[in-house]
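# Coordinate inspection notes
One-letter residues, chain by chain:
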Amino acid sequence: MHKDGRKILSDEELAVLAANGDDKSMARLISAVSPIARAKASKFAKAGIPDEDLVQEGMLGFLDAVSSFDRSRGVPFRAYAETCINNRIVSAVRANFNNKNAALSSALPFEDETADSSADPANIFSAKCESENIRAFLNSCLSDFERQVIDLRLMSKTYSQIAASLGCNEKAVDNAMQRIRKKLRKFCG
């Protein structure tokens, strides 16, 4: 119990709540793991990839950890999240060295070579996710279709996978992503 009578939740409890859409739990976890992502990214300073890109990759790994965490396996969430963050960063570095990931090197979305050089909405979300207001923004400013697109994108789905899931074409997904980018840029100021 906290001194003001509130129950102190474990990382595992916070992860379950965050996976179910609890923004406050997500914010608490983000504040706890952001330094971890930064520390892991700093280990690859000589990899030729900007630190912020690696931190964003790490935070995408964190989002994957939140959505895939299974308490029943008995693994502490923080250890699981650290592994997911590290794996995502290492994968980005390897892909960059193998020249398989031009999108990371040129700041373009992974499967969209025609977009402008602005950051992927998932990366923008990761960079700004420390704000507890991001979910409120997404819910109030995005259309239902745009929310579905960004939710699937945050689950690392490709444009073609998103299009198949939503029963539309890839161009509709791309257009939605462009609108989301514009709205996020405006929000991020």
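See above for the structure.
Residues numbered from 1 in each chain as written. Predicted model: local features only at pLDDT ≥ 70, side-chain atom pairs only at ≥ 80, totals over all residues. Heavy atoms only, no water.

### A few points about the overall build of the chain
From N to C terminus, the chain includes 10 helices and 0 strands. Overall, the chain shows an N-to-C arrangement of helices and strands of α-α-α-α-α-α-α-α-α-α. In the chain, buried positions account for 41% of the 189 residues. Residue pairs at least 24 apart in sequence account for 63% of intrachain contacts in the chain once pairs closer than 6 positions are excluded. (Helix = DSSP H or I, 4+ residues; strand = E, 2+ residues; numbered from the N terminus. Buried < 20%, exposed > 50% of the residue type's maximum accessible area, 1.4 Å probe, protein only. Contact = heavy atoms within 4.5 Å.)

### Structural notes on the environment of V16
Within the secondary structure layout, V16 lies in helix α1 (residues 11–19). Owing to a relative accessible area of 32%, V16 belongs among the partly exposed residues under this scheme. Expressed as a C-alpha distance, the spacing of V16 and F77, which sit 61 residues apart in the sequence, is 9.7 Å.

### Quick word on the nonpolar core
With 40 residues, the main nonpolar core has L29, F62 and F77 as its most contacted residues. The element contributing the most residues to this core is helix α3 (residues 51–68), with 8 residues. (Core = buried A, V, L, I, M, F, W, Y, C linked by side-chain atoms within 4.5 Å.)

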